[in-house]
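Chain by chain, the residues:
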Amino acid sequence: MLRTAMATRYVVPLREGGSLPAIVEADDLGLYVVKFRGAGQGILALIAELLAGEIGRALGLRVPEIVLMEIDAALGRNEPDYEIRQLLKASTGINLALDYLPGSTMFDPAARDKAPADEASMMVWFDAYTQNIDRTPRNANLLVWHRKLYPIDHGAALFFHHDWPSREKKIAAPFVEIEQHILLPWATEIAQAAKMAHERLTEPVLSGIVELIPDAWLETIPGSVDAAERRAGYLEFFTRRLETSSIFEEEAIRAQTRLV
Ligand SMILES: Nc1ncnc2c1ncn2[C@@H]1O[C@H](COP(=O)(O)OP(=O)(O)OP(=O)(O)O)[C@@H](O)[C@H]1O
Ligand SMILES: [Mg+2]
């Protein structure tokens with residue numbers, strides 16, 4: 001189960017984010033980074049953020065807690081900025097929020113940030129499994145907080161869902177984009193990470209994660225695929241991609257070996 005919180009105050013936009021995320025305060029007095037359902041990326045980016053984020057957590061990675069954030073029409077009413085007011089208006093209902101990590105910095109090898117081999121290897125496995133292209137030196141999407149690594153921003157994962165029928169072709173596929181992964185230089189234990197990943201991503205774990213998607217999100221996706229079919233499709237993708245994982249694992253190990 002994910003927690004639900006109610007947004008009480010729009011605090012400040014995070015200007016670097018392409019999807020206009022913002023820091024928002026909620027009725028539990030917590031601060032969150034909210035990904036808005038009304039942003040240009042649309043509901044599929046929120047679904048990817050949720051599914052990939054919870055898979056990362058199941059793999060033992062430190063994904064900040066994901067919370068469903070209710071926004072009502074009153075929140076944006078007094079917002080002076082027109083663009084923000086429109087965004088909040090288009091986002092009434094359930095949005096996705098991540099626990100805000102105050103004082104975190106972006107992972108930066110040029111600032112001598114390093115990653116432990118086991119963790120880097122699991123992160124590489126995770127991003128290859130969920131087909132996330134967004135963890136590169138240009139955009140690490142990896143926070144360092146109290147000297148530990150926190151992966152964020154999984155909205156671009158599971159790209160197949162933008163073209164639902166393409167899912168079939170994407171399942172048993174390598175993920176050549178892995179060669180751009182920011183942690184690849186440290187990922188010397190991909191085979192071990194793969195073994196652990198297989199132990200952790202059991203069928204009940206994966207189906208539990210797919211069940212977390214709010215119906216209200218699935219129902220707003222245009223097209224002829226209904227909510228139950230979508231859920232089943234995601235689960236099938238995850239299950240069969242696990243069965244055929246040697247294809248992307250070998251690709252990742254090859255890319256890693258080429259670095260040295
Ligand atoms: N949980 C968090 N705690 C602290 N800061 C965060 C958190 N989540 C995101 N941020 C900050 O907000 C920025 C934007 O977040 P995120 O990358 O998730 O949004 P985005 O719109 O997908 O961004 P982009 O498309 O530019 O990569 C991050 O680069 C990071 O600096
Ligand atoms: Mg980002």
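Residues numbered from 1 in each chain as written. Chains lettered and ligands numbered in written order. Predicted model: local features only at pLDDT ≥ 70, side-chain atom pairs only at ≥ 80, totals over all residues. Heavy atoms only, no water.

Enquirer: Give a description of the coordination of the magnesium ion (ligand 2) that names residues and reports values.
Expert: Within the first shell, the magnesium ion (ligand 2) binds the protein through Asn-141 (OD1) and Asp-153 (OD), at distances of 2.1 to 2.2 Å. With a gap of twelve residues between them, Asn-141 in the loop between α3 (117-129) and β7 (142-145) and Asp-153 in the loop between β8 (148-151) and α4 (167-171) connect regions that are remote in the sequence. For the residue pair Asn-141 and Asp-153, the accessibility class agrees, reading buried in each case. (Donors = N, O, S within 2.8 Å, 3.2 Å for Na, K, Ca; no water. Helix = DSSP H or I, 4+ residues; strand = E, 2+ residues; numbered from the N terminus. Buried < 20%, exposed > 50% of the residue type's maximum accessible area, 1.4 Å probe, protein only.)

Enquirer: For the environment of Gly-208, give the residues involved together with the corresponding values.
Expert: Mapping Gly-208 onto the fold places it in helix α6 (residues 203-211). Of the residues examined, Gly-208 reaches a relative accessible area of 34% and is grouped as partly exposed. Counting along the chain gives 149 residues from Gly-208 to Leu-59, while the straight-line C-alpha distance between them is 14 Å.

Enquirer: Report on the side chain of Lys-35, specifying residues and quantitative values.
Expert: Mapped onto the elements, Lys-35 comes out in strand β3 (residues 31-35). A polar contact is formed between the side chain of Lys-35 and the side chain of Glu-49, at a distance of 2.8 Å. Excluding residues that lie within four positions of it along the chain, Lys-35 makes contacts with Ser-19, Pro-21, Leu-46, Glu-49, Asn-95, Leu-96 and Asp-153. (Polar contact = N/O pair within 3.5 Å; in protein donor to acceptor, adjacent residues only side chain to side chain. Contact = heavy atoms within 4.5 Å.)

Enquirer: Before we move on, could you go through the domain arrangement of the protein chain and cite the residues and values that matter?
Expert: Looking at the protein chain, the domain boundaries give domain 1 (3-99) and domain 2 (105-148 + 160-259). The C-alpha centroid of domain 2 is placed 22 Å from the C-alpha centroid of domain 1. On the side of domain 2, 28 residues touch domain 1, which itself brings 21 residues to the contact. Together, the buried faces of domain 1 and domain 2 total about 2200 Å²; carbon and sulfur atoms form 82% of this surface. Contact with domain 2 buries area across many residues of domain 1, yet Leu-44, Ile-55 and Leu-59 alone supply 30% of it, more than any other trio. Across the contact surface, domain 1 and domain 2 share one salt bridge. Two residues, Arg-62 and Glu-119, come together in a salt bridge whose shortest N-O distance is 2.8 Å. Summed over the shared surface of domain 1 and domain 2, the result is four residue pairs in polar contact (both at pLDDT 80 or more). For the side of domain 1 that touches domain 2, the secondary-structure elements that each account for two or more residues are α1 (43-58) and β5 (93-99). Taken together, the residues of the side of domain 1 that touches domain 2 sort by class into 15 nonpolar, three polar and three charged. (Domains from an automatic or database assignment. Buried area = accessible area lost by both parts, 1.4 Å probe. Salt bridge = Lys/Arg side-chain N within 4 Å of Asp/Glu carboxyl O. Nonpolar A, V, L, I, M, F, W, Y, C, P; charged D, E, K, R; others polar.)

Enquirer: Account for a nonpolar patch on the surface, with residues named and values stated.
Expert: Where nonpolar side chains cluster on the molecular surface, the patch consists of Val-11, Val-12 and Leu-31 and spans about 190 Å² of accessible area. Along the chain, the position of Val-11 falls in strand β1 (residues 3-13). (Patch = residues over 30% accessible without salt bridge, like charges linked within 9 Å, V, L, I, M, F, W, Y side chains within 5 Å. Areas by Shrake-Rupley, 256 points an atom, 1.4 Å probe, with all protein chains shown as cover.)

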